[in-house]
Amino acid sequence: MSNAVTTTTGLTAAQVAQRVSLGQVNRVREQTSRSLAAIVRENVFTLFNAIIVGASVIVLLFGHIQDGIFGGVMVINAVIGIVSELRAKRTLDALAIVDAPRAHVVRDSSTQQIPAAEVVLDDVVSLGLGDQIPVDGEALEVNGLEVDESLLTGESRPVKKQAGDRLLAGTSVVAGAGAMRATAVGADVYAQGISAAARQFTRTVSEIQASINRVLQVVSFLLLPVVVLTFWSQNRVAGVDGGDWRNALVLSVASIIGMIPQGLVLLTSMNFALGSATLARRGVLVQELPAVEVLARVDALCVDKTGTLTTGGIRVRSVEVLAGDRDQVLGALATASADRTNATATAIATHLEEEGAPGPLGPQTWGVPFSSARKWSAWGDGQTAWILGAPEIVIDRASEDGARALELAAGAASQGARVVALVSAPAALVENRLPEARLAAAVITLEEDLRQDAAETLDYFRQQGVHVRVISGDNPTTVGALAAQAGLTAPGGGEPRLMDARELPEDTASEEFALAIDSHDVFGRVTPEQKRAMVGALQGKGHCVAMTGDGVNDALALKDADLGIAMGNGSQATKAIAQIVLVDSKFSVLPGVVAEGRRIIANMERVSSLFLAKTTYAAILVIVTALVGWRYPFLPRQFSYIDSLTIGIPAFFLALWPNRRRYVPGFLRRTLSLAMPTGAVLAAAALTAFGIVDGPASSRESTAAILALMVGAIWLLVITSRPLTPVKCALLTAVAVATVGGVALGPVRDFFQMVWPTPQEWAVIVGVGLCAGALIEAGQWIFYRTAYRRSLKEGATARD
């Protein structure tokens, strides 16, 4: 850095322009979501699309073009997925711009706030509490500067910095302030892309995706044996009937197309994307799409008082001087709050200015910045030490003045007020330890405004079985009073159970610690490390934990929680870690967020049974026809007819349907408990109708098999659509009408190579189909409901 550039002057405009022209700027190719190419690639270039394309080529070369219609389903699904995700991408990108990190730099002797991407090499960057460091650099000036480097090193303890120490991009200021010179920018920083990586549109593995992938892996493993078996058996049948191997090859393709649950993975991704886009319109930035699903599983929500129960605004109600010269005490208080590094200091400084109180005292010879772990800050002038912090921590309980001060603080706290105390000591602090003898100089009472929507929001979570816990660094009495005013109750409806976090067992891995966390509702005087341990304790009890926060001291807890939710007005570090950001910092949007997650997971369970039932009956048809030496009953185009009416179109609407069912673990087991028995029944229905109906044309047998199977499949739609509504009934009616209409309309009937059944054949179709429906209904009661009750029991046991 040039000798002319100092922490007070910074770079000149000409120097900044020169560095920008040389490319020495903190700009990198930063994507807040996936690129267009990535979206297209993930929706088009997949293993299953490759199989379908290969099957389409075989059909077009050796069969009829009509039998390649299933390829069109792939194209339509891909287009829907791409368009839906592009809409989500645009929304996420726009919100991410609002949420982009910023930096304070000194240029031309003045401090300017600029986007972090515009910081240039040698810029002087000012650092304050909660700031995320935007570039690599060297500390020039420090005032008790402490940095959280856990994002890079995993070390949870803050690192105290001195002038000349190295500072790294992506780390966060947790105490004090300072200034640094940028020594590496853009792609040259040590941890380039940490913030961007946290914002990227990613596909975290979810329970739904993992379950579906397990099924699809099994199906993929079976594809080659199925093709060989089907081709062998159908070629043998074709030889007996005077056909050729080309028809056998086309039927082999039909068998594998039937087994692949086309669109299920894509429908899952699309549902996540649409869910995130819906939330984005409500001011909720979803940084990882599967986080939308995690919302459905949340049964423990940990919130901070500030910004959730209260508006975050704070003002001084009163300052009561207890001992010493009033002007000196107010001057010391002004000095302690002059840095305005947190809301409390800002409120005190503003109040003193408005009251015309004396300004800060003489020059400081030493200082200890505020830390959420210590709960106090201090400074001294060589003769007297002044300490500002939590009354129960900084006040000497043994002294007479201390007892009076604590009594005043307790009275204000019981009314929901926040209280801090100023004490003095005749000696400087040693190793940041409080002196033994301390005189209570003043008690400062502050007040906060409750959010008007807090009571309604808490009531929603109570009704939904989500246990809300308030975890705060403030006095537990204050927090408890505010929480009670906001409507927080214990799970049984009683008064919220309070606990001072200083009374928690030191061993955060102990059963006693976990039991204390699980059995209380409000915690005060919580340290950042304890917040993180609380999340782990609840997870150890089987809870799915969501954590909200706005300060850098919440970052580690958000990182460990199943779902991290950051407030939009919070620190950059917190927003970089969280999976969800409430852009407008409105706690009241959380019920809608949870409801959206529950809608998605409940509906995906509903439609997955449709796809997996098809996989089951297609596999059974292959095996049975090969063993008995029958012709495979369906052509590829006929499978497309069945799929589109009984799965594809209804699944699309059902997946987007409102659904308030609470999350129950065991998604895959329950889905298979309905899909596999149903698939077996549908296969039996198709084979029974195929075997009973005998005609001069093979299309007559196939038509009977198609319609009998579809009657049973429509009943499965009825089950998955419950509870029925007029609109759902209209959807089911439309499917039934289209099923018959496809056979009634000549062009459609000819295209799918079907015939109009005779009255006798209709009797067989209806009779077999109704029997299949009855068996499916019985199977749903026997298998699915049993699995559902078992899941409920296991879920309750895991949380006990």
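The sections below set out a description of the structure shown in this document.

Conventions used here
The residue numbering used here restarts from 1 in each chain and proceeds along that chain's sequence as written. A pLDDT threshold of at least 70 governs which residues receive local features in this predicted model, and a stricter bar of 80 or more applies before side-chain atom pairs are shown or counted, although totals over entire chains, interfaces and linings include all residues. Think of the side-chain values as coming from all heavy atoms in the structure, minus any hydrogens and water. Working convention: axes come from line fits to C-alpha atoms, limited for helices to the stretch in contact. Angles between N-to-C directions cover 0 to 180 degrees. To qualify as a helix, a DSSP run of H or I must reach at least 4 residues; to qualify as a strand, a run of E must reach at least 2; elements of each kind are numbered from the N terminus. Under this scheme an angle from 65 to 115 degrees is roughly perpendicular, one under 35 degrees roughly parallel, and one over 145 degrees roughly antiparallel; angles in between are oblique. Left-handed describes a crossing in which the near helix is turned anticlockwise from the far one by less than a right angle; the clockwise case is right-handed. Between two residues, a contact is recorded if the distance between any of their heavy atoms is within 4.5 Å. Throughout, the ten residues Ala, Val, Leu, Ile, Met, Phe, Trp, Tyr, Cys and Pro are labelled nonpolar, Asp, Glu, Lys and Arg are labelled charged, and all others, Gly among them, are labelled polar. Working definition: with a 1.4 Å probe on protein chains only, accessible area under 20% of the residue-type maximum means buried, over 50% means exposed, and in between means partly exposed. Two strands are said to pair when DSSP picks up at least two bridges between them. Candidates for patches are residues over 30% relative accessible area with no salt bridge; among them, like charges are joined within 9 Å and nonpolar side chains (Val, Leu, Ile, Met, Phe, Trp, Tyr) within 5 Å. Computed with a 1.4 Å probe, the accessible areas rest on the Shrake-Rupley method; for each residue, only the protein chains presented here act as cover. We define a salt bridge as a contact between a side-chain nitrogen of Lys or Arg and a carboxyl oxygen of Asp or Glu at a distance within 4 Å. Given the number of residues in a helix, its expected span is that number minus one, multiplied by 1.5 Å. It is the directions from the helix axis to the C-beta atoms that the arc portrays.

1. Notes on the packing of helix α12 (residues 326–337) against helix α13 (residues 343–354)
Here comes step 1: The N-to-C vectors of α12 and α13 enclose an angle of 135°; their axes lie 8 Å apart at closest approach. When the axes of α12 and α13 are compared, the pair comes out oblique. In the packing of α12 onto α13, the handedness of the crossing is left-handed. For the pair formed by α12 and α13, the contact residues are Leu330, Leu333, Ala334 and Ser337 on the first element and Ala345, Ile348, Ala349 and Leu352 on the second.
Here comes step 2: Partitioning the contact of α12 with α13 into residue classes produces seven nonpolar, one polar and no charged.

2. Examining the pairing of strand β7 (residues 172–184)
Side chains on a regular strand alternate between the two faces of the sheet.
Here comes step 1: Of all the 13 residues making up β7, eleven are buried; the element is thus mostly covered by neighbouring parts of the structure.
Here comes step 2: In this sheet, β7 lies alongside strand β3 (residues 124–127) in antiparallel orientation, the contact comprising four bridges. Counterpart to Val124 in the pairing with β7 is Arg181.
Here comes step 3: Bridge count for strand β4 (residues 136–148) against β7 is ten bridges, and the pairing is antiparallel. Paired with Val142 across the strands is Gly178, a residue of β7.

3. As for a nonpolar patch on the surface
Here comes step 1: A cluster of nonpolar residues, Leu229, Trp232, Ile623, Leu627, Val628 and Trp630, forms a patch on the protein surface that exposes about 600 Å² of accessible area.
Here comes step 2: When residues of the nonpolar patch are traced back to their parent elements, those giving at least two are α7 (207–241) and α22 (590–628).
Here comes step 3: Ranked by residues supplied to the nonpolar patch, first place goes to α22 with three residues.
Here comes step 4: Topologically, Trp630 is positioned in the loop between α22 and α23 (636–655).

4. Topic: the sheet that holds strand β8 (residues 284–286)
Here comes step 1: The strand order across the open sheet formed by eight strands is β8-β21-β20-β19-β9-β16-β18-β17, and the pairing between neighbours is mixed. The open sheet is flanked by β8 and β17 (498–500), the only strands paired with a single partner. Sheet twist, expressed as the average angle between the axes of neighbouring strands with direction ignored, equals 20°.
Here comes step 2: Pairing geometry for β17 and strand β18 (residues 522–524), over three bridges, is parallel. Residue pairing for β18: Leu498 is matched across the bridge by Val522.

5. Brief notes about helix α15 (residues 400–414)
Here comes step 1: For α15, which comprises 15 residues, the first-to-last C-alpha distance of 21 Å matches the rise-based estimate of 21 Å (1.5 Å per residue) to within 8%.
Here comes step 2: Within the sequence span of α15, burial applies to Gly402, Ala405, Leu406, Ala409, Ala412 and Ala413. An end-on view of α15 places all buried positions within 125° of arc, on one side of the element. With respect to the buried face of α15, the exposed residues turned more than 90 degrees away are Glu400 and Glu407.

By themselves, these figures tell us nothing about what the structure is for.
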